[in-house]
Amino acid sequence: MKSSNFSIIPPAAAESLPSQTQEQNHSLLFSPIKLRELTSRNRVVVSPMCQYASVDGMPSDWHLVHLGKFATGGAGIVFCEETAVEARGRKTYGCAGIYTDEHVLAYRRITDFIRASGAIPAIQLGHAGRKASCGPPWTNFQPLTEEDAKNGMPPWRGISASAIAAKPGALVPESLDARQIEQIVQTWRTAALRALDAGFDICEIHGAHGYLIHQFLSPLANIRTDAWGGDIHRRMRLALDISETIRAVWPQDKPVFFRVSAVDGDGGAWSLDDTVILSACLRERGIDVVTCSSGGINGPLNMAVVPRTPGYQVPYAARVRREAGVQSCAVGLITDPFHAEEILQQGNADLIALAREMLVDPNWPVRAAQALGVSDYLDLLPNGYAWWLKRREQIREISPDVSNKNVNI
Ligand SMILES: Cc1cc2nc3c(=O)[nH]c(=O)nc-3n(C[C@H](O)[C@H](O)[C@H](O)COP(=O)(O)O)c2cc1C
């Protein structure tokens, strides 16, 4: 697992970086991090991953197993998928939601399990806006049609900053008026209160990937001429109002994250400079961590603009952290433990989020801790696993070729 491509800065140099407590063989990745009064056992974050497996927005046994295995696998923070603040804010009929009290009850079972496994339960709240009413990814997010209506899945009209369809074939969304915008802010507030009631400790506001908040931010989707459109400050208004409103109801001792698409629009309709401005404004409103992703307004970004190399979005997290003075979370093709460690040691991010690699190996944190020389790496696992595995280690130490001997294990 050890990679020769990445080098860890020697502990002496790392001590001078603006990082938090370093423990456990100087691995920052496996040092606890304090976010307000909440302490995560390490800096590995399971990134939100939509499952398209909900019915009426409800989480099911699938979600318990899917998220539960990341918590038992040793991650510090486990994010549920993007969870819609209202029914029409779902992308597909299979998307998760937290817009009724029944959702709250169903999520409690999941948050209890994540917490009991030593991880922090986190939720990403979202609203698809004009990207609503489509099929799952394996249909290439095909907009629903009257054909789908015959199968019980009628299309519905999304909402947005302006009446511009997300893509050819998609319904033109309703452009929200001032009163509707105020209402939508309250909808986010209600969802945050429900999320809190459901037992989540961290709330992330999804402001990326071309969804509603991002649609207001982007000049490609927002051609308004009122107080929510025009220059960047007006386009940021919805993002900042929602952040301020959620921060006011989310407990002061718990953190709020915000996910940005740090660059978007081929040709730079939204630049990293814009993201630094937005992140500084978010920090002023009490947002604790900015997660740096990219793209989404007109689909995935061109590979020539954002090449998908390991850690391709880390420079965004680094600049946001350095210039906006807010903690950042790096995400995107980070799979090697030494690479993850290096990002933290170099002060380029405060947290490391993984998505697809966790699907390959939900115990990635255990293997990463082992590779980084963290002595008690097995303690990331539940005791019912750790006890046996530690015993196996001891036996291996005594008898390296245990497999060839008749040893009672
Ligand atoms: C199955 C799947 C579902 C995803 N769903 C979400 C989501 O709900 N919200 C979000 O912000 N990003 C979502 N993403 C993006 C990931 O969180 C992550 O940013 C991206 O996959 C890059 O990280 P990776 O290279 O570690 O996979 C999803 C990715 C995958 C693979």
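Residues numbered from 1 in each chain as written. Predicted model: local features only at pLDDT ≥ 70, side-chain atom pairs only at ≥ 80, totals over all residues. Heavy atoms only, no water.

Peer 1: So what exactly am I meant to see when it comes to the overall build of the protein here?
Peer 2: The number of helices and strands found in the protein is 14 helices and 13 strands. Against the 2.2 N^0.38 benchmark of 22 Å for 409 residues, the protein shows a C-alpha radius of gyration of 22 Å, consistent with a compact globule. Principal axes of the C-alpha set define a box for the protein whose edges measure 75 × 50 × 40 Å. Residues classed as buried in the protein amount to 56% of the 409 residues present. Expressed as a percentage of contacts within the protein between residues at least 6 apart in sequence, the contacts between residues at least 24 apart total 69%. A total of about 17,100 Å² of accessible surface is found on the protein, and carbon and sulfur atoms cover 53% of it. Distance between charge centres in the protein, computed from 40 positive and 43 negative side chains, equals 1 Å. (Helix = DSSP H or I, 4+ residues; strand = E, 2+ residues; numbered from the N terminus. Rg over C-alpha atoms; globule rule 2.2 N^0.38 Å. Buried < 20%, exposed > 50% of the residue type's maximum accessible area, 1.4 Å probe, protein only. Contact = heavy atoms within 4.5 Å. Areas by Shrake-Rupley, 256 points an atom, 1.4 Å probe, with all protein chains shown as cover. Lys, Arg positive; Asp, Glu negative; His and termini not counted. Charge placed at Lys NZ, Arg CZ, Asp CG, Glu CD.)

Peer 1: I would appreciate a short explanation of the environment of A248 in the present structure.
Peer 2: Position of A248 relative to the elements: it lies in helix α8 (residues 237-249). For A248, a relative accessible area of 63% puts it in the exposed group. A C-alpha to C-alpha distance of 9.1 Å links A248 and G286, two positions 38 residues apart in sequence.

Peer 1: Sorry if this is basic, but what is going on with the site of the ligand here?
Peer 2: The local shell around the ligand holds 15 residues, among which S47, C50, Q124, L333 and R356 are the closest. L333 is positioned such that a nitrogen or oxygen atom in its backbone is 2.7 Å from an oxygen atom of the ligand. Taking R356, its side chain carries an N or O atom lying 2.6 Å from an oxygen atom of the ligand. Relative to its unbound accessible area of 600 Å², the ligand is 82% covered by the protein chains. With respect to the detected pockets, the ligand is housed in the largest pocket. Residue classes in the shell around the ligand are distributed as seven nonpolar, five polar and three charged. (Near = heavy atom within 4 Å. Polar contact = N/O pair within 3.5 Å; in protein donor to acceptor, adjacent residues only side chain to side chain. 1 Å grid on protein atoms, 1.4 Å probe; cavity = no way out; pocket = protein on both sides within 12 Å on 5 of 7 lines; lining within 4 Å. Sits in = over half its atoms within 2 Å of the grid points. Nonpolar A, V, L, I, M, F, W, Y, C, P; charged D, E, K, R; others polar.)

Peer 1: What am I meant to see in the pattern of salt bridges here?
Peer 2: Proximity of charged atoms lets side chains of opposite charge pair with each other. A complete count under the given rule lists 22 salt bridges for this structure. In this structure, D201 and K254 form a salt bridge, with 2.6 Å as the shortest nitrogen-oxygen distance. Residue D201 is found in the loop between α5 (178-197) and β9 (202-207), and its partner K254 is found in the loop between α8 and β10 (256-261); the two are separated by 53 residues along the sequence. With relative accessibility at 7%, the residue D201 sits in the buried group. Put simply, R319 and E323 hold a salt bridge, and the shortest N to O gap is 2.9 Å. (Salt bridge = Lys/Arg side-chain N within 4 Å of Asp/Glu carboxyl O.)

Peer 1: Is there a simple way to explain the packing of α5 against α8 in this structure?
Peer 2: A pair of packed helices is characterised by two quantities: the angle between their axes and the separation of those axes. At a minimum axis separation of 9 Å, α5 and α8 run at an interaxial angle of 35°. Here the hand of the crossing between α5 and α8 comes out right-handed. Listed contacts from α8 to I181, E182, I184, V185, W188, R189, A192, L193 and L196 of α5 are R237, L238, D241, I242, T245, I246 and V249. Split into classes, the residues belonging to the contact of α5 with α8 amount to 11 nonpolar, one polar and four charged. (Axes fitted to C-alpha atoms, helices over the stretch in contact; angles between N-to-C directions. Left-handed = near helix turned anticlockwise from the far one by under 90°.)

Peer 1: What's the story with the domain arrangement of the protein in this structure? I'm lost.
Peer 2: How big an interface is tends to be stated in terms of the accessible area lost upon association of its parts. Here the protein is partitioned into domain 1 (18-375) and domain 2 (383-409). If you average the C-alpha positions of domain 1 and of domain 2, the two centres end up 42 Å apart. (Domains from an automatic or database assignment.)

Peer 1: How should I be thinking about unusual backbone geometry in this particular structure?
Peer 2: Apart from glycine, the bulk of residues carry a negative phi angle, and the bulk of peptide bonds sit in the trans form. The backbone of Y52 sits at a positive phi, close to 55°, despite the residue not being glycine. Structurally, Y52 is set in the loop between β3 (44-46) and α2 (61-72). The backbone of L333 sits at a positive phi, close to 50°, despite the residue not being glycine. One can find L333 in the loop between β12 (327-331) and α11 (337-345). The class for L333 is partly exposed, based on a relative accessible area of 32%.

Peer 1: How should the state of the cysteines be read in this particular structure?
Peer 2: When the sulfur atoms of two cysteines share a covalent bond, that bond is a disulfide. Inspection of every chain in the model, using the stated rule, returns zero disulfides. With no disulfide of its own, C80 lies closest to C50 among cysteine sulfurs, the gap being 11 Å. When its relative accessible area of 1% is taken as the criterion, C80 is described as buried. As a non-bridged cysteine, C203 has C80 as the owner of its nearest cysteine sulfur, 11 Å distant. (Disulfide = S-S within 2.5 Å.)

Peer 1: Please clarify how the side chain of R43 should be interpreted in this entry.
Peer 2: Of note, R43 is situated in the loop between β2 (38-40) and β3. Salt bridges are absent for the buried R43, whose nearest opposite-charge side chain, D350, sits at 6.0 Å.

Peer 1: How should the packing of aromatic side chains be read in this particular structure?
Peer 2: For any two aromatic rings, the description comes down to two numbers: the centre-to-centre distance and the angle of the planes. This model, assessed by the stated rule, comprises six aromatic pairs. Centroid distance Y52 to W138: 5.8 Å. Interplanar angle 85°. Geometry classified as edge-to-face. You can see Y52 sitting in the loop between β3 and α2 and its partner W138 sitting in the loop between β6 (120-126) and α4 (146-150), a full 86 residues away along the chain. Clustering of aromatic rings is evident, with ring pairs tying together Y52, W138 and F141. Here R237 stacks its cationic end above the ring of W228, 4.1 Å away from the centre of that ring. (Phe/Tyr/Trp six-rings, centres within 6.5 Å; stacked < 30°, edge-to-face > 60°. Lys NZ or Arg CZ within 6 Å of the ring centre and 35° of its normal.)

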